[in-house]
Amino acid sequence: MSDTYDLIVIGGGPGGYVAAIRGAQLGLKTACVEMRETLGGTCLNVGCIPSKALLESSHYYFRAKHEFASHGISFSELSFNLAEMIKRKNEVVSGMTGGVEFLFKKNKVTWLKGMGSIVKPGLVKVTAKDGTAVDYVGKNIMIATGSEPIAIPSAPFDHQLICDSTDALNWSSVPKHLVVVGGGVIGLEMASIWSRLGAKVTVLEALDKILGPMDRGISTALQKILEKEGITFELSTLLESTKIKGSSVGLTAKKDGKTVEFEADKVLVAVGRRPYTERLGLLDLGVELDARGRVKIDTHFKTNVPGIYAIGDAVQGPMLAHKAEEEGIAASEGIAGKAGHVNYEAIPGVVYTWPEVASVGATEEELKAKDVKYKKGQFNFRANGRAKAMGDSEGFVKVLADEKTDRLLGVHIIGPNASELIGEVAIAFEFGASAEDLARAVHAHPTLTEAIKEASLGVDGRMIHS
Amino acid sequence: MPVEVKVPSVGESIKEGMIGTWRKASGDLVQRDEVLLDLETDKASVEIVAEVSGKLEILAKVGQVVKIGEVIANIDPSASMPAQTPTAAKESNAASTAKEADNGPAVRRMAAETGIDPNTLEGSGKDQRVTKGDMIHAQEKAATSPQTSKASPAQSSSAQSAPKGKNEPSAPVELPKLSGSAREDSRKPMSMMRRRIAERLVQSQNTAAILTTFNELDMTAVTELRKRYADKFQEKYNIKLGFMGFFIKAAVDALQTYPEINAFIDGNDVIYHNYCDFSVAVSTEKGLLTPVIRDCDKMSIAGIELAIAAMAKKARDNKISIDDLTGGTFTISNGGIFGSLMSTPIINPPQTAILGMHKTMLRPIVMPDGKIEARPMMYLALSYDHRMVDGKEAVQFLVRIKENLEDPARLLLGV
């Protein structure tokens, strides 16, 4: 037996570390259990941040190679050093994870290094790498253990040839032919990195569109643009088996009832992630899980066992760092007796391809399925001055609003810096704004944000520049 | 310092009212004595005027029930009145209060265009902010409710306060149209007055032991008398000689003969009145009103006719005051003007009885000599509180009225 805490958060990812800091801010004696050598979880170590570092580096290279000439910039030789790119990426990551450690110290959050499991309500066991275990009393326990890549039997990870996204952030050479299994967010971001750096990339997707839950118009547009850049898409294609032949992998898949074969020197399996809750000891505690292994919670993030909370990828909802962060904050506020709340209607989703994809709210398909009557405004970046000046005018903004009340129902952007553009939209959603509200807000000229204003005007059929 | 606009005391028995229509919108600059709103009470609609000039901030919504003394708006006298030009009025709207600035641009646009004050709505947005959808719903509601101000703030305020517009009947209620393919039901709140009428009628039915006795009245004598003196009467009093004067005079005599019918029950006591104040039921656009014609026992028929005419004009002009409606010891209701042949009126509490007049029509009557004649006949109904009077008195009371009217000379002689 050791120290007693008001709150022990298990997991130091964006959900967990933010929850811990917020708990400490509110006067709770807080500890955070993390077994990695660094804080920040998947997001900072092997997810959002390192992938963005490599996406940025590869994008610079791609632009230099394909686009600088159109700006009148020429050079005699262009090359890149992959080792340097990876090193820079690692520096970015260590800077970020070190930052979280500093924040823990600043806010007096104790980092309990090791793997956390719940012995019983109120008691957390932390097992260090060397096997020594210490029990800590935590009046409140928050599960923030996140998720891990799903492994599929048809392509078992060997982490050399058949890899997960973590491996794909550290390859020492550019694959000749990369087959990405899964046309979701992670698959497309990784495909983009390695395609820009020269790999031939083929994406196998079981569904008939990429970016599963995203608006179909956006998915189609992105696919076309990425195809132009050299990525091949095999839709409605289900991987059946893989066979390692020396230094390459043979893949067999079914497409439209026919067998198709691929040969790759690297395979990235990115078919999704699943909650990482197995080693917590939840079954013995009687903590209820749903059919997909996610911890069941109520609206206050409480599990069915008193004193045990859960947030982030370990529970239902989109597996997004910012969703986990907001839940962590709301859960800690709830534990501290405050009114924490997450507005699930206003969570932006972003894909960091180029052009980027970002959206908030419902897709057209969802609205049609629910029989919601809506109006639509769509504005192409082709007609946006800033996008033209940037030489980056592919994509569009689509605004969907309630036919009667004009309330925003969904905004979908594919275009340059869509990830940053979506911010104003998320705020508008948070305030229950109408399309007219967006349209009437003054947008600086010339900026990409004007496309959002124009598409909002378009909801009422009064676009100025189209 | 803003000056509070409180619900004034509008009558002795009035404790609360409902905001009927705001004639002004929040942010409007109002002049002293300008009408701010119509307050609906259970008895009448009352205009409430500004006590000072300044900028109005509305706190109570249309349809909200407010107590006497409750603060329903503020007027900031430090804001001065601009020139009465449309542009100036527009600018004054743009210089909105801090609370208005919280509203999104679409809400502000709709507020300016529709005159609907977002601050009077319940917001569905974050922290109860009003959304465009809330405004659209309010606008739709306003379109189906006669109680919403149609005045646009873009109008100059002089136009709004012009007396001409004041007493215009409320916009007709848009009822579901049958010609369309969709069948629909619409719901709107009962007016304060209707609610009060409903409440009082049910209260009456529940407390009094109401019973109705009928009789028939041969109108030949009164009709002839009226015909004979119509011109002379008109010439002398400048008022038409109607039937109501005769009926009230006949009833006064009957009430004096049977004073219980002119009395009230109050707990275990009976309150007798040495005067006869007649509540005369008048149908108005807003509902049934019963203004009181006082001291009918001391008035001539001409005096009664003049008093009724004055009251009817007030009712038409929507100028009936609470005092005009309070009191009354006995009620006469004439359903005949709508064609009713027979009815059982409901007592107006705390009164003891109500006389129902009906349509006069020629009917075959067997005369004392056995011959059948066509005579102008009217059924009379007297609903009375059996707790107070027995059937004998009530029947005799009604017979007395009948006799007085069939032979008006009895009124003269007091026999």
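Residues numbered from 1 in each chain as written. Chains lettered and ligands numbered in written order. Predicted model: local features only at pLDDT ≥ 70, side-chain atom pairs only at ≥ 80, totals over all residues.

**As for the overall build of chain B**
Move 1: The secondary structure content of chain B amounts to 13 helices and 19 strands.
Move 2: For chain B, the residues scored as buried account for 35% of the 415 residues in total. (Helix = DSSP H or I, 4+ residues; strand = E, 2+ residues; numbered from the N terminus. Buried ≥ 20, exposed ≤ 12 C-beta atoms within 10 Å, placed from the backbone.)

**Quick word on the interface of chain B and chain A**
Move 1: Counting residues at the interface gives twelve residues for chain B, matched by 13 residues for chain A.
Move 2: Among the secondary structure elements, those contributing two or more residues to the side of chain B that touches chain A are helix 3 (105-114) and helix 4 (132-144) of chain B.
Move 3: Considering only residue class, the side of chain B that touches chain A consists of three nonpolar, five polar and four charged. (Contact = placed C-beta atoms within 7 Å. Nonpolar A, V, L, I, M, F, W, Y, C, P; charged D, E, K, R; others polar.)

**Structural notes on the sheet that holds strand 1 (residues 3-6) of chain B**
All names here are of chain B.
Move 1: A sheet is described by the order of its strands in space; here four strands give the open sequence 1-8-6-3, paired in antiparallel fashion. Taken across any chain shown, the strands that pair with only one partner, and hence form the sheet edges, are strand 1 and strand 3 (29-30).
Move 2: Of the strand pairs in this sheet, strand 6 (residues 54-58) and strand 8 (residues 71-76) are connected by four bridges, and their pairing is antiparallel. Within strand 8, the position partnered with I58 by the bridge is A73. (Pairing = 2+ DSSP bridges.)

**What about helix 12 (residues 391-406) of chain B?**
All names here are of chain B.
Move 1: In a regular helix each residue adds 1.5 Å, so 16 residues correspond to 22 Å; helix 12 covers 22 Å between its end C-alpha atoms and thus fits that length.
Move 2: Within the span of helix 12, buried status applies to A394, F397, L398, I401, N404 and L405. Summarising the axial view, the buried residues of helix 12 lie within an arc of 120°, below the 170-degree limit, and thus occupy one face. Among the exposed residues of helix 12, those pointing more than 90 degrees away from its buried face are G391 and K392.
Move 3: In this structure, the buried side of helix 12 is in contact with strand 9 (210-218), helix 8 (220-237), helix 9 (244-257), strand 19 (372-385) and helix 13 (409-413). (Expected span 1.5 Å × (residues − 1). Arc of directions from axis to C-beta.)

**Structural notes on the pairing of strand 8 of chain B**
Every other side chain in a regular strand lies on the same face of the sheet, so the side chains alternate between the two faces.
Move 1: Summarising the sheet, strand 1 of chain B and strand 8 of chain B pair through four bridges and their orientation is antiparallel. Each residue of the ladder has a partner; that of E4 of chain B, found in strand 8 of chain B, is N74 of chain B.

**Details of unusual backbone geometry**
Move 1: Each neighbour pair has its own omega, and for W354 of chain A with P355 of chain A the value is 0°, a cis peptide bond.
Move 2: Put simply, P349 of chain B and P350 of chain B share a cis peptide bond, and its omega is 5°.
Move 3: Summarising the element assignment, P350 of chain B is placed in the loop between strand 16 (330-334) and strand 17 (353-357).
Move 4: One non-glycine residue, H159 of chain A, adopts positive backbone phi at about 60°.
Move 5: Inspection of the secondary structure assignment puts H159 of chain A in the loop between strand 7 (147-149) and strand 8 (162-163).
Move 6: Looking at H159 of chain A, the number of C-beta atoms within 10 Å reads 9, which means it is exposed.
Move 7: One non-glycine residue, D371 of chain A, adopts positive backbone phi at about 60°.
Move 8: Assignment of secondary structure puts D371 of chain A in the loop between helix 10 (364-369) and strand 20 (374-380).

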